[in-house]
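A closer look at the structure
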Amino acid sequence: MKKNISRREFLKIGGYLATGFGLSQYYTDVFASGLNNLVSGTPKIIWLQAQSCSGCSVSFLNANGPYIQQIITELVSIMFHPTISAAQGDVAIDIIKNVSSADFPFIFIVEGAIPLDMPKACMIGEETFEDMAIPLLKRAKYIMAAGTCATYGGIPSAEGNPTGAVGVMDFMKNKNIPYKGRLVNCPLCPTHPASIIGTLAYLAGKGYPDVDEKLLTPHMFYAHSVHYNCPRYHFYEKGIFADKFGDEGCLFKLGCLGPLSYTTCPWRQWNGGINWCIRAAAPCIGCSHPYFAKFKDFPFYRKGEKYHQVKYQEKDRTSK
Amino acid sequence: MSQRIRIDPVTRIEGHLAVKLDIERKGTKYIVGSAYSLGEMFRGFEVILKGRDPLDAQQITQRICGVCPISHGIASCKAQEMAYGIRPNKNGRLLQNLILAANYIQSHVLHFYLLAALDFIDITAILKYRGKDQELQEIKAWAESKLKAAQLGEPYALGPLLPRYEGDFDIKDPSINIEFLKHYLMALDIRRMAHEMGAVFGAKLPHATALVPGGCTQVPHEERVLSYGSRLNLIKRFVEHIYLPDVKGLFSLLPEYWNIGRGYKNLLSYGVFDLGSGDTLFKGGAIIYGDYEPLDIDAIVEDVEYSRFSSPSSLPPNRGQTIPFPDKPGAYSWLKAPRYKNHPMEVGPLARILVDYKTPGPSLFKNLVKNLFKELKVTEQDMYSVAGRHIARAMELKVIIDAAFEWLNDLDIDSAPARDFDLVKKGKGIGLTEAPRGALGHWLSISDYKIDRYQCVVPSTWNFSPRDHNNLPGPVERALKYTPIKDPKQPIEAARVVRSFDPCLACAVH
């Protein structure tokens, strides 16, 4: 049973999504037919949080094309989301358990890292997150790792962490759950709302997207260099560098990790196109990178490098 | 006779919380006897930060929480600023205030409409809608089609809004419920817009990369100021004409909630929104058993008797340790239990406005609070309640919005947004501020240009703390006691008490 949304309406939303990412007409059509399928609940969505800060959920609420209201009440059939769902306590656990043995197709969205060496560091309903998630990971048609924690482990997995946190891909490898052709990684800290809805629409419209072979990030959202699309690139070329926060110029010498980052930030921007890090003169901290925040001796900013040891040379901050 | 029940997980909050309740039978009714608050997720930020460049901290600690990252960013900047021996320049101070104000707006609006209201409002009333509002007609059509789909066997067709606890939804008038649903949808726009305001100066939200010690990286150009101000204008109208009246209206329909969820009447606030010259918009201080006293920051320790840590108990944060012990016998939460002069303290908007109200001498909330008491015919005692907490939250937002207009006007356009600084080989700093949920402190020490120790004592750590070595329950555990429960299988009344504290568990444990 679906509400009547016209094909034109779907094309409009699909087109808006595609344009935002600088994608071609082909994607407009795929997104439109994907949204059409999502409306009828094929597939449905379940979202769980592990070692997360809920930032990706909050970022999802910032969706503005299509708007979050339309996503929740019209476009996407969200069976459970810990921050939005009315369900709580046993009512919530019942949903998760029933979906774990569901015979209908669903996409499982994971937010946050998984504490592989200390399973009790994340509990839901008197079970470890691990025990709760394994049946869902096995049964889901597709799995989306939303955000850098779910993708690569993020900050919970940084050097010296006490819980042995890992991203979903490493977790599935560890538990021998097939992930190729099923898991899509959508990093960034937090992940961008448009890449959540865009990935869902693509999965529902066309199936598994083209991804980076190792990182499993969809090319449509994660194949473009921040550095080469940077509005401050001309400063870099001319060798004009900012040397304190708030200065004009290329931010590379302050620590900008744009050269290591592959995202659509330069044109998609954030919060409805209001701003993004480099536009605000804030050096990119590489929040989409597999090594985001990973190493103690690889700080975000370079101010300290003349005082303490660092584990990089300047060229390490310029290549993939 | 008592029976033990759990709300596990408590959803529509930030993070992983469970509540364990011993329910006692009183005649034909039930009330909560003992309550236990369980923090269920641990990441170890304090361990991860050790040995890092201190400048990483204001970025990493923002990731403690995606709902209040700005407060962590600012606490970290303040701790570093103290260690580096600087203060933000004027623009830096104003920009930090403005980004923080934007995040207060998004957090409070999110909390009331998206998180808390679904416990009070019966959204199924939409099926009875007969009016002409097009958006509501669309939602009604969606609900009807989904209801039909559910009858034909589609699983969870009405997710994420149903299923739910089918407790007693006391507001029977469908038009009030439908009006709330309309405001729920508006609130989604308002909180997104508030995040846009934060991004105007903060680069992006959640997790603003533009926050740095000494201020902010975004130069306040004219178009940035306009972009922030135009949104603030719209939001001001929503807060004054919709949010505040909704909260007041809700609890005039449910007056018993002025009497439920009382707690200890111990309040703590550090004060927030720097006005320069060391003064803050909200004054800091403490209230113990109803009496005001000035803030003594050295009176804070963290107890771990019932917390899953093997590190020594009752350490002050500047000597704090975090050594996880997941299987510690007797421990039942990942939260530490902060205590102020051995007292469990409630923090949050209620603490902010009552501490300010009771501060000797002139203060911002003196008249506002008096007028509120008169308008709603309530007393200071009544404020220690579910209703009091919700009203305090809405009320302070109006004040913050008015102040934000002034900060916006005070910005020096196109001038430096931050003060420059030098790193230090050795140093200590304390960053005290108020997150939307209450008193937040970061304690930092630097050695050899690296972080030697980093300890965070976070609002929900105070509110949701477990028992301590004196077996004193934490503030929420105490506030839950005596809560009347109609149906122990669907303890929605207890959930209302828990959510009045605006739980943020990723923060609380970190």
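Here the structure is a predicted model, which means the values were calculated and not measured. Along each chain, residues carry numbers from 1 onward, in the same order as the chain's sequence is written. Whichever chain is written first is A, and whichever ligand is written first is 1; the rest continue in order. The predicted nature of this model means local features are confined to residues of pLDDT at least 70 and side-chain atom pairs, given and counted, to a pLDDT of 80 or more, with totals for whole chains, interfaces and linings taken over all residues. Remark: hydrogens and water are excluded; side-chain values derive from all non-hydrogen atoms of the structure.

Details of the overall build of chain B
- If you tally the helices and strands in chain B, you get 15 helices and 16 strands.
- Only C-alpha atoms enter the radius of gyration; for comparison, a globular chain is expected to reach 2.2 Å times N to the power 0.38, where N is the number of residues. Against the globule reference of 24 Å for 510 residues, chain B gives a C-alpha radius of gyration of 23 Å, in line with a compact fold.
- Overall size of chain B, expressed as C-alpha extent along the three principal axes, is 65 × 55 × 50 Å.
- Within chain B, the proportion of its 510 residues that are buried is 69%.
- Contacts were defined at the residue level, with two residues in contact if any of their heavy atoms lie within 4.5 Å. Taking all contacts inside chain B whose residues are at least 6 apart in sequence as the whole, residues at least 24 apart take part in 72%.
- The method behind every accessible area is Shrake-Rupley, applied with a 1.4 Å probe, and residues are considered shielded solely by the protein chains displayed. Counting every atom, chain B has about 16,200 Å² of accessible surface; 52% of that belongs to carbon and sulfur.
- In chain B, the 64 positive side-chain charges and the 59 negative ones have mean positions that sit 3 Å from each other. Under the DSSP-based scheme used, a helix requires at least four consecutive residues in state H or I and a strand at least two consecutive residues in state E, with every element numbered from the N terminus. Accessible area is worked out with a 1.4 Å probe on protein chains only. A residue is then buried under 20% of its type maximum, exposed over 50%, and partly exposed in between. Asp and Glu are treated as the negative residues and Lys and Arg as the positive ones, with His and the ends of the chain left uncounted. Positions of charges follow a simple convention, taking NZ of Lys, CZ of Arg, CG of Asp or CD of Glu.

Here's the deal with the side chain of Arg-52 of chain B
- Inspection of the secondary structure puts Arg-52 of chain B in the loop between helix 1 (45-49) and helix 2 (57-60).
- A polar side-chain atom of Arg-52 of chain B sits 2.8 Å from the main-chain carbonyl oxygen of Ala-293 of chain A.
- Any pair of N or O atoms that falls within 3.5 Å is considered a polar contact. Within protein, one atom must be able to donate a hydrogen and the other to accept it, and sequence-neighbouring residues count only if both atoms are side-chain atoms. Within the local environment of Arg-52 of chain B, its side chain forms a polar contact with the side chain of Asp-56 of chain B, the two groups lying 3.1 Å apart.
- Beyond its immediate chain neighbours, meaning those up to four positions away, Arg-52 of chain B contacts Ala-158, Ala-293, Lys-294, Phe-295 and Lys-296 of chain A together with Ile-60, Lys-450 and Ile-451 of chain B.

Quick look at the sheet that holds strand 1 (residues 44-49) of chain A
Residues and elements named next belong to chain A.
- The parallel open sheet is built from 5 strands, whose spatial order is 2-1-3-7-9. Two strands close off the open sheet at either side, each with one partner strand: strand 2 (78-80) and strand 9 (183-186). The mean angle between the axes of side-by-side strands here comes to 25°, regardless of whether they run parallel or antiparallel. Think of it this way: DSSP has to see at least two bridges between two strands before they count as a pair. Helix axes are fitted to C-alpha atoms over the stretch in contact, other axes to C-alpha atoms as well, and angles between N-to-C directions run from 0 to 180 degrees.

A short note on helix 9 (residues 365-376) of chain B
Residue and element names in this part refer to chain B.
- For helix 9, with 12 residues, the first-to-last C-alpha span of 16 Å sits near the 16 Å given by 1.5 Å per residue.
- Considered for burial, the residues of helix 9 that qualify are Phe-365, Lys-366, Val-369, Leu-372 and Phe-373. Viewed end-on, helix 9 has its buried residues packed into an arc of 140°, placing them on one side of the element. Seen from the buried face of helix 9, the exposed residues on the opposite side, beyond 90 degrees, are Asn-367 and Lys-374.
- In this structure, the buried residues of helix 9 make contact with helix 7 (222-253), strand 8 (280-282), helix 8 (349-358), helix 10 (380-383) and helix 11 (386-410). Residue count minus one, scaled by 1.5 Å, sets the expected span of a helix. Arc, as used here, means the arc of the directions from the helix axis to the C-beta atoms.

Points about the packing of helix 3 (residues 69-84) of chain B against helix 4 (residues 90-116) of chain B
Residues and elements named next belong to chain B.
- The interhelical angle for the contact between helix 3 and helix 4, taken along N-to-C directions, is 155°, at an axis separation of 9 Å. Comparing their axes, helix 4 and helix 3 come out roughly antiparallel. Crossing of helix 3 over helix 4 shows left-handed handedness. Side by side, helix 3 and helix 4 meet where Pro-69, Ile-70, Ser-71, Ile-74, Cys-77 and Glu-81 of the first sit next to Gln-96, Ile-99, Leu-100 and Asn-103 of the second.
- Charged means Asp, Glu, Lys or Arg here, nonpolar means Ala, Val, Leu, Ile, Met, Phe, Trp, Tyr, Cys or Pro, and polar covers whatever is left, Gly included. Here the residues of the contact of helix 3 with helix 4 are counted per class, giving 6 nonpolar, 3 polar and 1 charged. Angular relationships are summarised with four words: roughly parallel below 35 degrees, roughly antiparallel beyond 145, roughly perpendicular across 65 to 115, and oblique for the angles in between. Less than a right angle of anticlockwise turn of the near helix away from the far helix marks a crossing as left-handed, whereas a clockwise turn marks it as right-handed.

Some details on the packing of aromatic side chains
- Working definition: a ring pair exists when centres of Phe, Tyr or Trp rings (six-membered ring for Trp) sit within 6.5 Å. Plane angles under 30 degrees give stacked, over 60 give edge-to-face, the rest tilted. In the structure shown here, the tally under the stated rule is 37 aromatic pairs over all chains.
- Look at Phe-201 of chain B and Tyr-228 of chain B: their rings are 5.5 Å apart centre to centre, the planes differ by 35°, and that puts the pair in the tilted class. Of this pair, Phe-201 of chain B sits in helix 6 (residues 174-202) while Tyr-228 of chain B sits in helix 7, and the two are 27 residues apart along the sequence. Grouping residues by exposure puts Phe-201 of chain B and Tyr-228 of chain B together as buried.
- Within the aromatic cluster, the residues linked to one another by ring pairs are Tyr-228, Tyr-233, Tyr-236, Phe-241 and Phe-252 of chain A.

As for unusual backbone geometry
- Look at the link from Cys-189 of chain A to Pro-190 of chain A: it is a cis peptide, with omega at 0°.
- Relative to the helices and strands, Pro-190 of chain A is located in the loop between strand 9 and helix 9 (193-205).
- A cis amide bond, omega 0°, links Leu-162 of chain B with the succeeding residue Pro-163 of chain B.
- Positionally, Pro-163 of chain B belongs in the loop between helix 5 (134-151) and helix 6.
- At Asn-471 of chain B, a residue that is not glycine, the phi angle is positive and equals roughly 60°.
- Of note, Asn-471 of chain B is situated in the loop between helix 12 (459-463) and helix 13 (475-480).

Digging into the sheet that holds strand 9 (residues 285-288) of chain B
All names here are of chain B.
- Strand order in the open sheet formed by 3 strands is 6-9-10, with antiparallel pairing between adjacent strands. At either end of the open sheet lies a strand with only one pairing partner, and these are strand 6 (267-269) and strand 10 (291-293). Averaged over all pairs of adjacent strands, the angle between their axes in this sheet comes to 15°, without regard to strand direction.
- Note: strand 6 against strand 9, 3 bridges, orientation antiparallel.

Topic: the pattern of salt bridges
Residues and elements named next belong to chain B.
- The term salt bridge refers to a pairing of a side-chain nitrogen on Lys or Arg with a carboxyl oxygen on Asp or Glu at a separation within 4 Å. Scanning the entire structure with this criterion turns up 48 salt bridges over all chains.
- Lys-182 is the partner of Glu-135 in a salt bridge, and the nearest nitrogen-oxygen pair spans 3.1 Å. Placement of Glu-135 in helix 5 and of Lys-182 in helix 6 is noted, with a sequence separation of 47 residues between them.
- Since its relative accessible area comes to 30%, Glu-135 is described here as partly exposed.
- With its nearest N and O atoms 2.5 Å apart, the salt bridge here joins Arg-339 to Asp-468. Highlighted residues: Arg-339 in strand 12 (residues 337-340) and Asp-468 in the loop between helix 12 and helix 13, separated in sequence by 129 residues. This pair shows no difference in class: Arg-339 is buried, exactly as Asp-468 is.
- Bridged by salt links that share partners, the residues Lys-236, Glu-240, Lys-398 and Asp-402 form one connected network.

Section: the nonpolar core
- In these notes, a set of buried Ala, Val, Leu, Ile, Met, Phe, Trp, Tyr and Cys residues joined through side-chain atoms within 4.5 Å is what counts as a nonpolar core. Ranked by size, the top nonpolar core spans 284 residues in total, and within it Phe-108 of chain A together with Tyr-228 of chain B carry the most contacts.
- Other than its neighbours up to four places away in sequence, Phe-108 of chain A contacts Ile-46, Leu-48, Ala-133, Leu-136, Leu-137, Ala-140, Tyr-142, Ile-143 and Met-144 of chain A.
- Membership of the second largest hydrophobic core comes to 13 residues, among which are Tyr-270, Ala-286, Ile-288 and Met-345 of chain B.

Some details on the interface of chain A and chain B
- Each side of the interface is counted separately: chain A has 91 residues, and chain B has 95 residues.
- Overall, the association of chain A and chain B removes approximately 7,900 Å² of surface from exposure, summing both partners, and the carbon and sulfur fraction of that is 60%.
- The tally of links between chain A and chain B comes to 5 salt bridges.
- Among the salt bridges present, the one from Asp-327 of chain B reaches Lys-120 of chain A, with a minimum N-O distance of 2.4 Å.
- Remark: the boundary between chain A and chain B carries 52 residue pairs in polar contact (both at pLDDT 80 or more).
- For the side of chain A that touches chain B, the secondary-structure elements that each account for two or more residues are strand 1, helix 3 (55-61), helix 4 (68-75), strand 2, helix 5 (90-100) and strand 5 (123-124) of chain A.
- The leading source of residues in the side of chain A that touches chain B is helix 5 of chain A, at 8 residues.
- Taken together, the residues of the side of chain A that touches chain B break down into 51 nonpolar, 26 polar and 14 charged. Buried area: the accessible area, evaluated with a 1.4 Å probe, that two parts lose upon being put together, summed over both parts.

So, the domain arrangement of chain A
All names here are of chain A.
- Residue ranges for the domains originate in an automatic or database domain assignment. Examined at the domain level, chain A breaks down into domain 1 (7-222) and domain 2 (224-320).
- Tallying the contact residues gives 27 residues for domain 1 and 23 residues for domain 2.
- Counting the surface lost from both domain 1 and domain 2, the interface buries some 2,000 Å², and carbon and sulfur atoms represent 57% of this.
- For the domain 1 face of the interface with domain 2, the top three residues by lost area are Glu-159, Leu-188 and His-192, together amounting to 28%.
- Remark: the boundary between domain 1 and domain 2 carries 0 salt bridges.

With respect to the domain arrangement of chain B
All names here are of chain B.
- As far as domains go, chain B holds domain 1 (2-121 + 172-509) and domain 2 (123-168).
- If you average the C-alpha positions of domain 1 and of domain 2, the two centres end up 33 Å apart.
- Across the boundary between the two partners, domain 1 contributes 18 residues, which contact 15 residues of domain 2.
- Both faces combined, the contact of domain 1 with domain 2 buries some 1,500 Å², and carbon together with sulfur accounts for 67% of it.
- When the buried surface of domain 1 facing domain 2 is broken down by residue, Ile-178, Leu-181 and Lys-182 rank first, second and third, together holding 35% of it.
- The tally of links between domain 1 and domain 2 comes to 2 salt bridges.
- A salt bridge links Asp-133 to Lys-182; the nearest nitrogen and oxygen atoms lie 2.8 Å apart.
- Scanning the region where domain 1 abuts domain 2 turns up 4 residue pairs in polar contact (both at pLDDT 80 or more).
- Contributions of two or more residues to the side of domain 1 that touches domain 2 are made by strand 1 (2-10), helix 6 and helix 14 (492-500).
- Looking at the side of domain 1 that touches domain 2 element by element, the count peaks at 7 residues for helix 6.

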